[in-house]
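Here is how the chains run, residue by residue.
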Amino acid sequence: DIKSWISNDCVDYIIPQLYFGFEYPDNNFRFDNLLKDWFSVTEKSDVKLLIGLATYKINTQNEPDKQEWSNGTEVIKRQVDICKQSGARYGILHTPHGDFETPIFMPVGTKANVKTLIPSEVKEVSQGLILGNTYHLWLAPGDEIVKLNGGIRGFMNWDGALLTDSGGFQVFSLAKMRKITEEGVTFRHHKSGEKLFLSPEKSMEIQHNLGADIIMVLDECPPFHASYDYMEDSVNRTLRWAKRCKE
C-alpha cells in the first residue's frame, strides 16, 4: 500500500507508529528491524520518513514485552538514539499554524477536546499540534456546526495546529456493519443504527470543514488475516481513493 502511494507520488510524508520495543518476542516486529524496513521503503524517494513512538506503553503491564517497558523511558531514549543514527527520525513539519520538530508528542482531541485539559494546559504539555477525529465530529455535533463556529480551533478555543484522521479506521472497526464499494463505504451509526455513507470526497469535505492543517486520505484497514486477493484489491482501491482525495 505505502509503496504504491510513494511510486504514484500521492504522499509527502510517511509517519508510521512503531509500537514495539527491542525485546518483543517476534523478532520481525522489534523496533530496530521495523525501522530498517521502513527506511528501505523510503530511502530511494523524496518522501520524508518520520517515526511515531509508543510513549503510552511506558510502564505497561499488558504487553508481551512488558518487562522492557517497565523502564519505558530508557526504551524511548534508545529508540530516539537509533532513529537519529538512521537519519529517518528527525524532521520538521511545516503547517499554516506553526512548524514542528519531530519527534513530537501530539495529544488526541477526539471530539474537539483533550480530556481533563483546557487548551492552555495542552500547550504546556505539547508543541501545539493536536489530533481531531473526523468520524466522531461528523456525527456529533456535525462538521457544518463546527465550521460555523470557526472549525475545531474556534469550537475549542485552540489557536495551534490541527491534524485530522480520515474516518478510515472506523471503516475497519465497524466491519460487521459496513459495505465497501468503489464509491465509498456504507455503514451504520455505532449508536443509533442510522445508515451513513462516507466517500473520499466526503472525507475531504469534512476535514476541511473542521479546519485541519494536516488531513488524511480515506483508506481501508484490512484485517491481518485477509487473503492475498482481498489485500491486493484493498490496496488498489485505497490508492484510487487517495488520488480522488488529492484531486
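Bear in mind that the values here come from a model prediction, so they are computed numbers and not experimental data. (Residues numbered from 1 in each chain as written. Predicted model: local features only at pLDDT ≥ 70, side-chain atom pairs only at ≥ 80, totals over all residues. Heavy atoms only, no water.)

**Q** Honestly, the overall build of the protein in this entry has me stumped. Any pointers?
**A** Counting its secondary structure elements, the protein contains eleven helices and eleven strands. The dimensions of the protein, computed from C-alpha atoms along their principal axes, are 50 × 45 × 35 Å. The buried share of the protein, taken over its 247 residues, is 42%. Contacts spanning at least 24 positions in sequence make up 62% of the contacts within the protein whose residues lie at least 6 apart. (Helix = DSSP H or I, 4+ residues; strand = E, 2+ residues; numbered from the N terminus. Buried < 20%, exposed > 50% of the residue type's maximum accessible area, 1.4 Å probe, protein only. Contact = heavy atoms within 4.5 Å.)

**Q** Any chance you could explain the packing of aromatic side chains here in plain terms?
**A** Within a pair of aromatic rings, the relevant descriptors are the distance that separates the centres and the angle that separates the planes. Using the criterion set out here, one finds seven aromatic pairs in the structure. With a centroid separation of 6.5 Å and 75° between ring planes, the pair formed by Y24 and F29 is classed as edge-to-face. Judged by centre distance (6.0 Å) and plane angle (35°), the rings of Y135 and F187 are tilted. Of this pair, Y135 sits in helix α6 (residues 134-139) while F187 sits in strand β10 (residues 185-188), placing them 52 residues apart in sequence. Summarising the burial analysis for this pair, Y135 and F187 share the class buried. Cluster of aromatic residues (ring-pair linked, three or more members): F20, Y24 and F29. Between K48 and the ring centre of Y13, over which it is positioned, the NZ or CZ distance is 5.9 Å. Note that R78 overlies the ring of F22, its terminal NZ or CZ placed 3.8 Å from the centroid. (Phe/Tyr/Trp six-rings, centres within 6.5 Å; stacked < 30°, edge-to-face > 60°. Lys NZ or Arg CZ within 6 Å of the ring centre and 35° of its normal.)

**Q** Can you walk me through unusual backbone geometry in this structure?
**A** Note: most residues except glycine have negative phi, and most peptide bonds are trans. Here the residue pair A140 and P141 is connected by a cis peptide bond, since its omega of 5° sits within 30 degrees of zero. Counting through the fold element by element, P141 comes out in the loop between α6 and α7 (143-148). Phi is positive for N59, which is not a glycine, with a value near 70°. Tracing the sequence through the fold places N59 in the loop between β4 (52-53) and α3 (66-69). The backbone of A112 shows a phi angle near 65°, a positive value even though the residue is not glycine. A relative accessible area of 6% means that A112 is categorised as buried.

**Q** Any chance you could explain the sheet that holds β10 here in plain terms?
**A** Remark on secondary structure: sheet strands pair via backbone hydrogen bonds, oriented parallel or antiparallel. Judged by pairing direction, the sheet is antiparallel, and its three strands sit side by side in the order β9-β10-β11 without closing on themselves. Each edge of the open sheet is held by one strand with a lone partner, namely β9 (178-180) and β11 (195-198). For this sheet the average axis-to-axis angle between neighbouring strands, irrespective of direction, equals 15°. (Pairing = 2+ DSSP bridges. Axes fitted to C-alpha atoms, helices over the stretch in contact; angles between N-to-C directions.)

**Q** Quick question: what am I supposed to make of the packing of helix α10 (residues 200-210) against helix α11 (residues 228-246) here?
**A** A pair of packed helices can be characterised by two numbers: the angle between their axes and the separation between those axes. Direction vectors running N to C along α10 and α11 enclose 45°, while the axes themselves pass 8 Å from each other. By the angle between their directions, the pair α10 and α11 is classed as oblique. In the crossing of α10 with α11, the sense of the turn from one axis to the other is right-handed. Of the residues in α11, those in contact with P200, E201 and M204 of α10 are W241, R244 and C245. Looking at the contact of α10 with α11 residue by residue, the classes come out as four nonpolar, no polar and two charged. (Parallel < 35°, antiparallel > 145°, perpendicular 65-115°, else oblique. Left-handed = near helix turned anticlockwise from the far one by under 90°. Nonpolar A, V, L, I, M, F, W, Y, C, P; charged D, E, K, R; others polar.)

**Q** Looking at this model, I keep getting lost on the environment of L131. Mind explaining?
**A** Relative to the elements of secondary structure, L131 occurs in strand β7 (residues 129-132). With residues up to four places along the chain from it excluded, the contact list for L131 reads M106, P107, V108, G109, T110, L162 and L163.

**Q** I tried to follow α10 on my own but got confused; where do I start?
**A** For an α-helix, the turn length of 3.6 residues means that residues three or four places apart are oriented alike. For α10, the complete set of buried residues consists of P200, S203, M204, I206, Q207, N209 and L210. Looking at the buried residues of α10, the elements they touch are α6, α7, α8 (151-156), β8 (161-164), β11 and α11. Positioned one or two residues after α10, G211 has a phi angle of 85°, which is positive.

**Q** How should the pairing of strand β6 (residues 98-102) be read in this particular structure?
**A** One face of the sheet, then the other: side chains in a regular strand alternate in exactly this way. Where strand β5 (residues 91-95) lies against β6, five bridges are found, and the strand directions are antiparallel. Among the inter-strand pairings, H94 is bridged to a residue of β6, identified as D99. Between β5 and β6, which follow one another and run antiparallel, lie two residues.

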